Amino acid sequence: MEPSSHLRNLAQANAERAPVAVEVIDGIADCLPAENEMFDVAVMSLVLCSIPDQRKALGQIYRVLRPGGCMHFYEHVRAETPALRRVQRLVDATVWPLLAGGCHAGRDTLAAITKAGFEMQRVDRLRFPDSVVSICQVHRTFSAWRLVQTNNSTSLR
Ligand SMILES: C[S@@+](CC[C@H](N)C(=O)[O-])C[C@H]1O[C@@H](n2cnc3c(N)ncnc32)[C@H](O)[C@@H]1O
(Lines give C-alpha, C1' and ligand atoms only; values in the text may rest on other atoms or scores of the structure.)
Protein backbone atom coordinates (compact mmCIF):
# COMPACT_ATOMS: atom_id res chain seq x y z
CA MET A 1 0.00 0.00 0.00
CA GLU A 2 1.36 3.42 -0.97
CA PRO A 3 -0.62 6.70 -0.92
CA SER A 4 1.86 8.70 -3.04
CA SER A 5 1.22 8.19 -6.77
CA HIS A 6 4.90 8.75 -7.64
CA LEU A 7 6.12 6.17 -5.13
CA ARG A 8 3.27 3.84 -6.02
CA ASN A 9 4.38 3.86 -9.68
CA LEU A 10 7.93 2.99 -8.61
CA ALA A 11 6.60 0.21 -6.40
CA GLN A 12 4.46 -1.09 -9.27
CA ALA A 13 7.48 -1.20 -11.61
CA ASN A 14 9.43 -3.18 -9.02
CA ALA A 15 6.45 -5.42 -8.30
CA GLU A 16 6.34 -6.44 -11.96
CA ARG A 17 9.96 -7.63 -11.74
CA ALA A 18 9.48 -9.46 -8.44
CA PRO A 19 9.75 -13.27 -8.39
CA VAL A 20 6.44 -13.49 -6.52
CA ALA A 21 3.03 -11.93 -7.25
CA VAL A 22 2.76 -8.47 -5.66
CA GLU A 23 -0.33 -6.26 -5.71
CA VAL A 24 0.36 -2.55 -5.20
CA ILE A 25 -2.63 -0.55 -3.99
CA ASP A 26 -3.50 3.04 -3.14
CA GLY A 27 -4.58 3.83 0.41
CA ILE A 28 -3.44 4.69 3.89
CA ALA A 29 -2.41 2.41 6.71
CA ASP A 30 -4.87 4.10 9.05
CA CYS A 31 -7.71 2.34 7.23
CA LEU A 32 -6.68 -1.01 5.76
CA PRO A 33 -9.13 -2.53 3.27
CA ALA A 34 -8.85 -6.02 4.72
CA GLU A 35 -10.79 -8.30 7.03
CA ASN A 36 -9.76 -9.05 10.60
CA GLU A 37 -6.98 -11.63 11.10
CA MET A 38 -6.63 -12.40 7.40
CA PHE A 39 -2.81 -12.14 7.12
CA ASP A 40 0.06 -14.23 8.53
CA VAL A 41 2.74 -11.56 8.05
CA ALA A 42 2.90 -7.76 7.73
CA VAL A 43 5.91 -5.71 6.57
CA MET A 44 6.44 -1.98 7.15
CA SER A 45 9.39 -0.23 5.54
CA LEU A 46 10.22 3.37 6.44
CA VAL A 47 6.61 4.30 6.96
CA LEU A 48 6.01 4.65 10.71
CA CYS A 49 8.36 7.65 10.64
CA SER A 50 6.01 9.46 8.24
CA ILE A 51 2.54 8.24 9.09
CA PRO A 52 0.45 10.96 10.79
CA ASP A 53 -1.14 8.64 13.37
CA GLN A 54 1.13 5.75 14.40
CA ARG A 55 -1.33 4.41 16.97
CA LYS A 56 -4.15 4.11 14.44
CA ALA A 57 -1.93 2.46 11.80
CA LEU A 58 -0.49 -0.05 14.26
CA GLY A 59 -4.00 -0.82 15.48
CA GLN A 60 -4.96 -1.62 11.88
CA ILE A 61 -1.94 -3.90 11.41
CA TYR A 62 -2.84 -5.66 14.65
CA ARG A 63 -6.42 -6.08 13.44
CA VAL A 64 -5.56 -7.67 10.08
CA LEU A 65 -2.84 -10.00 11.42
CA ARG A 66 -3.89 -13.38 12.74
CA PRO A 67 -3.09 -14.01 16.44
CA GLY A 68 0.55 -15.11 16.60
CA GLY A 69 1.20 -13.56 13.17
CA CYS A 70 4.44 -11.70 12.59
CA MET A 71 5.32 -8.23 11.43
CA HIS A 72 8.70 -7.05 10.18
CA PHE A 73 10.02 -3.50 10.26
CA TYR A 74 12.71 -1.28 8.89
CA GLU A 75 12.25 2.14 10.50
CA HIS A 76 13.83 5.36 11.71
CA VAL A 77 13.79 5.28 15.50
CA ARG A 78 14.68 7.39 18.50
CA ALA A 79 18.43 7.46 19.09
CA GLU A 80 20.04 5.78 22.07
CA THR A 81 22.17 8.69 23.20
CA PRO A 82 20.68 11.85 24.80
CA ALA A 83 22.78 14.12 22.55
CA LEU A 84 21.55 12.52 19.35
CA ARG A 85 17.98 12.47 20.67
CA ARG A 86 18.23 16.25 21.23
CA VAL A 87 19.35 16.71 17.61
CA GLN A 88 16.50 14.53 16.41
CA ARG A 89 13.97 16.57 18.41
CA LEU A 90 15.39 19.77 16.93
CA VAL A 91 15.27 18.62 13.30
CA ASP A 92 11.81 17.08 13.81
CA ALA A 93 10.48 20.38 15.15
CA THR A 94 11.95 22.39 12.27
CA VAL A 95 13.05 21.38 8.78
CA TRP A 96 13.14 17.58 8.64
CA PRO A 97 9.41 16.82 8.15
CA LEU A 98 9.18 19.61 5.55
CA LEU A 99 12.18 18.37 3.58
CA ALA A 100 11.45 14.66 3.87
CA GLY A 101 7.73 14.31 3.12
CA GLY A 102 6.50 14.29 6.71
CA CYS A 103 9.26 12.00 7.99
CA HIS A 104 10.32 12.25 11.65
CA ALA A 105 13.83 11.20 12.65
CA GLY A 106 13.28 10.45 16.31
CA ARG A 107 9.93 8.81 16.97
CA ASP A 108 9.84 6.15 19.67
CA THR A 109 8.48 3.56 17.25
CA LEU A 110 9.59 0.56 19.27
CA ALA A 111 7.51 1.72 22.25
CA ALA A 112 4.53 2.40 19.99
CA ILE A 113 4.68 -1.12 18.55
CA THR A 114 4.87 -2.74 21.96
CA LYS A 115 1.99 -0.56 23.16
CA ALA A 116 -0.09 -1.72 20.18
CA GLY A 117 0.06 -5.31 21.50
CA PHE A 118 3.12 -6.85 19.86
CA GLU A 119 5.97 -8.74 21.50
CA MET A 120 9.43 -7.95 20.13
CA GLN A 121 11.27 -11.03 18.86
CA ARG A 122 14.36 -9.53 17.31
CA VAL A 123 15.86 -6.05 17.10
CA ASP A 124 18.93 -4.98 15.13
CA ARG A 125 20.11 -1.39 15.39
CA LEU A 126 22.41 0.35 12.94
CA ARG A 127 23.53 3.81 11.96
CA PHE A 128 23.06 4.76 8.35
CA PRO A 129 25.25 6.16 6.93
CA ASP A 130 27.87 4.93 9.38
CA SER A 131 29.62 8.24 9.98
CA VAL A 132 29.70 11.15 12.43
CA VAL A 133 27.15 13.00 10.30
CA SER A 134 24.52 10.28 10.59
CA ILE A 135 22.35 12.60 12.66
CA CYS A 136 18.96 11.37 11.59
CA GLN A 137 19.63 8.06 10.01
CA VAL A 138 19.25 5.70 12.93
CA HIS A 139 17.30 2.66 11.83
CA ARG A 140 16.11 -0.51 13.34
CA THR A 141 15.01 -3.74 11.80
CA PHE A 142 13.01 -6.08 13.88
CA SER A 143 10.21 -8.56 13.96
CA ALA A 144 7.39 -8.77 16.44
CA TRP A 145 4.63 -11.24 17.14
CA ARG A 146 1.01 -10.22 17.45
CA LEU A 147 -0.03 -11.23 20.95
CA VAL A 148 -3.27 -12.94 21.80
CA GLN A 149 -5.35 -10.95 24.26
CA THR A 150 -7.46 -12.90 26.74
CA ASN A 151 -9.43 -11.66 29.72
CA ASN A 152 -6.66 -12.34 32.20
CA SER A 153 -3.43 -12.52 30.28
CA THR A 154 -1.51 -11.83 27.12
CA SER A 155 0.33 -14.64 25.38
CA LEU A 156 1.57 -16.03 22.09
CA ARG A 157 -0.49 -18.71 20.41
C1 LIG B 1 10.29 7.67 3.85
S2 LIG B 1 9.02 7.28 2.68
C3 LIG B 1 9.38 5.53 2.45
C4 LIG B 1 9.03 4.98 1.12
C5 LIG B 1 9.08 3.45 1.00
N6 LIG B 1 8.13 2.85 1.94
C7 LIG B 1 10.46 2.89 1.20
O8 LIG B 1 10.67 2.03 2.08
O9 LIG B 1 11.37 3.28 0.48
C10 LIG B 1 7.59 7.33 3.74
C11 LIG B 1 6.37 6.72 3.12
O12 LIG B 1 5.26 6.78 4.00
C13 LIG B 1 4.11 6.92 3.20
N14 LIG B 1 2.97 7.33 4.02
C15 LIG B 1 2.74 8.52 4.60
N16 LIG B 1 1.57 8.51 5.26
C17 LIG B 1 1.05 7.27 5.12
C18 LIG B 1 -0.14 6.62 5.58
N19 LIG B 1 -1.05 7.27 6.35
N20 LIG B 1 -0.35 5.33 5.24
C21 LIG B 1 0.55 4.65 4.48
N22 LIG B 1 1.69 5.22 4.02
C23 LIG B 1 1.94 6.50 4.34
C24 LIG B 1 4.54 7.95 2.18
O25 LIG B 1 3.71 7.97 1.05
C26 LIG B 1 5.94 7.43 1.85
O27 LIG B 1 5.92 6.48 0.84
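Preceding this section is the structure that the text describes.
Since this is a predicted model, take the numbers as computed values, not measurements.

> Sorry, what's going on with the overall build of the chain here?
Along its length, the chain carries 5 helices and 6 strands. Start at the N end of the chain and walk to the C end: the helices and strands fall as α-β-α-β-α-α-α-β-β-β-β. The long-range fraction of contacts in the chain, counting pairs at least 24 apart against all pairs at least 6 apart in sequence, stands at 66%.

> Quick question: what am I supposed to make of the site of the ligand here?
In the vicinity of the ligand, 15 residues are found, and the nearest of them are Ile28, Ala29, Ser45, Leu46 and Ser50. Residues that form the shell around the ligand fall into these classes: 10 nonpolar, 3 polar and 2 charged.

> In this structure, what is going on with the pairing of strand E1 (residues 39–45)? I would like to understand it.
As a general feature of sheets, a regular strand has side chains that alternate between the two faces. Here E1 runs beside strand E2 (residues 65–76); their pairing, made up of 6 bridges, is parallel. Residue Val43 lies in a different strand from E2, and its bridge partner there is His72. Taken together, E1, helix H2 (residues 54–64) and E2 constitute a β-α-β crossover, and its handedness is right-handed.

> In this structure, what is going on with unusual backbone geometry? I would like to understand it.
A negative phi angle is the norm for most residues apart from glycine, just as the trans form is the norm for most peptide bonds. Within the chain, Glu37 stands out as a residue other than glycine whose phi angle is a positive 55°. Here Glu37 lies in the loop between helix H1 (5–17) and E1. In this structure Glu37 comes out as partly exposed when scored by C-beta crowding, with 14 C-beta atoms within 10 Å.

> Could you clarify how one ought to interpret the nonpolar core in this entry?
Considering soluble globular proteins, one finds that nonpolar side chains tend to be buried as a cluster. Leu58, Ile61, Met71 and Ile113 are the most contacted members of the largest nonpolar core, which has 19 residues in total. Elements represented by at least two residues in this core include exactly E1, H2, E2 and helix H5 (109–115). Here the element with the most residues in this core is H2; it accounts for 4 residues. Those residues in contact with Leu58, other than ones at most four positions away along the chain, are Ala112, Ile113 and Ala116.

> In this structure, what is going on with the environment of Met71? I would like to understand it.
The residue Met71 is located in strand E2 in this model. As a C-alpha pair, Met71 and Ile61 span 10 residues in sequence and 8.5 Å in three-dimensional space.

The rules behind the values
Residues numbered from 1 in each chain as written. Predicted model: local features only at pLDDT ≥ 70, side-chain atom pairs only at ≥ 80, totals over all residues. Helix = DSSP H or I, 4+ residues; strand = E, 2+ residues; numbered from the N terminus. Contact = placed C-beta atoms within 7 Å. Near = placed C-beta within 6 Å. Nonpolar A, V, L, I, M, F, W, Y, C, P; charged D, E, K, R; others polar. Pairing = 2+ DSSP bridges. Right-handed = clockwise from strand over helix to strand, strands pointing away. Buried ≥ 20, exposed ≤ 12 C-beta atoms within 10 Å, placed from the backbone. Core = buried A, V, L, I, M, F, W, Y, C linked by C-beta atoms within 7 Å.

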